[in-house]
Amino acid sequence: MTTAVTITERAARRIGQILKTEGDGAMLRISVEGGGCSGFQYKFDVEHAQAEDDLVIARESAVVLVDPASVPFLAGSEVDFVDDLIGASFRVVNPNATASCGCGTSFSI
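These notes cover the structure that comes with them. Just so it is clear, the structure is predicted and the values come from calculations on it, not from any experiment.

**Describing the overall build of the protein**
Here comes step 1: A count of helical and extended segments in the protein gives two helices and nine strands.
Here comes step 2: The order of α-helices and β-strands along the protein, N terminus first, is β-α-β-β-β-β-α-β-β-β-β.
Here comes step 3: By residue count, 37% of the 109 residues in the protein fall in the buried class.
Here comes step 4: Nonlocal contacts in the protein, meaning residues at least 24 apart in sequence, comprise 52% of its contacts between residues at least 6 apart.
Here comes step 5: Here the protein displays about 6100 Å² of accessible surface, and carbon together with sulfur accounts for 52% of that area.

This is how it looks when you write it as structure tokens:
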């Protein structure tokens, strides 16, 4: 099983814009936690500290962290940024998810 998490160009550009406003050393943390209508949900936080065992994904001016507990849930996933009629958001295309909610923020395995 691959642990790779891909950040699209659109997502990297938007993450870079967000991190620029958060000061030097800001990084985006993506994690998976229990909850949501499908069992697990994605969480996005801005952090200034990286743990020694974090998976670090860097693309352009975006730095994304994934904690070791979340890596198996996100393995092989692609993080994209979409801006459509219902709003702008990060979207995770997760090949491990067997079902997801309508809004795409929670999933089950």
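**Some remarks on the sheet that holds strand S6 (residues 78–84)**
Whether parallel or antiparallel, the strands of a sheet pair through hydrogen bonds between backbone atoms.
Here comes step 1: Ordered in space as S1-S6-S7, the three strands form an open sheet in which the pairing is mixed. Strands at the two margins of the open sheet, each flanked by one partner only, are strand S1 (6–7) and strand S7 (87–93).
Here comes step 2: Pairing analysis gives two bridges linking S1 to S6, with the strands arranged parallel. Across the sheet, isoleucine 7 pairs through a bridge with valine 79, a residue of S6.
Here comes step 3: Its contacts with the sheet put helix H1 (residues 9–20) on S1, S6 and S7, and the angle it makes with S6 is roughly 80°.

**Thoughts on the packing of aromatic side chains**
Here comes step 1: Scanning the model with the defined rule gives three aromatic pairs in all.
Here comes step 2: Look at phenylalanine 40 and phenylalanine 73: their rings are 4.8 Å apart centre to centre, the planes differ by 45°, and that puts the pair in the tilted class. Of this pair, phenylalanine 40 sits in strand S3 (residues 40–47) while phenylalanine 73 sits in helix H2 (residues 71–74), and the two are 33 residues apart along the sequence.
Here comes step 3: For phenylalanine 40, a relative accessible area of 25% gives the class partly exposed.
Here comes step 4: In this structure an aromatic cluster arises from ring pairing among Phe44, Phe81 and Phe90.

**Observations concerning the nonpolar core**
Here comes step 1: Ranked by internal contacts, the top residues of the largest apolar core, which has 21 residues, are Ile7, Ala11, Ile15, Leu74 and Val79.
Here comes step 2: Secondary structure elements with two or more residues in this core: H1, strand S2 (27–34), strand S5 (62–66), H2, S6 and S7.
Here comes step 3: Those residues in contact with isoleucine 15 that sit more than four places away from it in its chain are Ile7, Leu28, Ala62, Val64 and Phe90.

The rules behind the values
Residues numbered from 1 in each chain as written. Predicted model: local features only at pLDDT ≥ 70, side-chain atom pairs only at ≥ 80, totals over all residues. Heavy atoms only, no water. Helix = DSSP H or I, 4+ residues; strand = E, 2+ residues; numbered from the N terminus. Buried < 20%, exposed > 50% of the residue type's maximum accessible area, 1.4 Å probe, protein only. Contact = heavy atoms within 4.5 Å. Areas by Shrake-Rupley, 256 points an atom, 1.4 Å probe, with all protein chains shown as cover. Pairing = 2+ DSSP bridges. Axes fitted to C-alpha atoms, helices over the stretch in contact; angles between N-to-C directions. Phe/Tyr/Trp six-rings, centres within 6.5 Å; stacked < 30°, edge-to-face > 60°. Core = buried A, V, L, I, M, F, W, Y, C linked by side-chain atoms within 4.5 Å.

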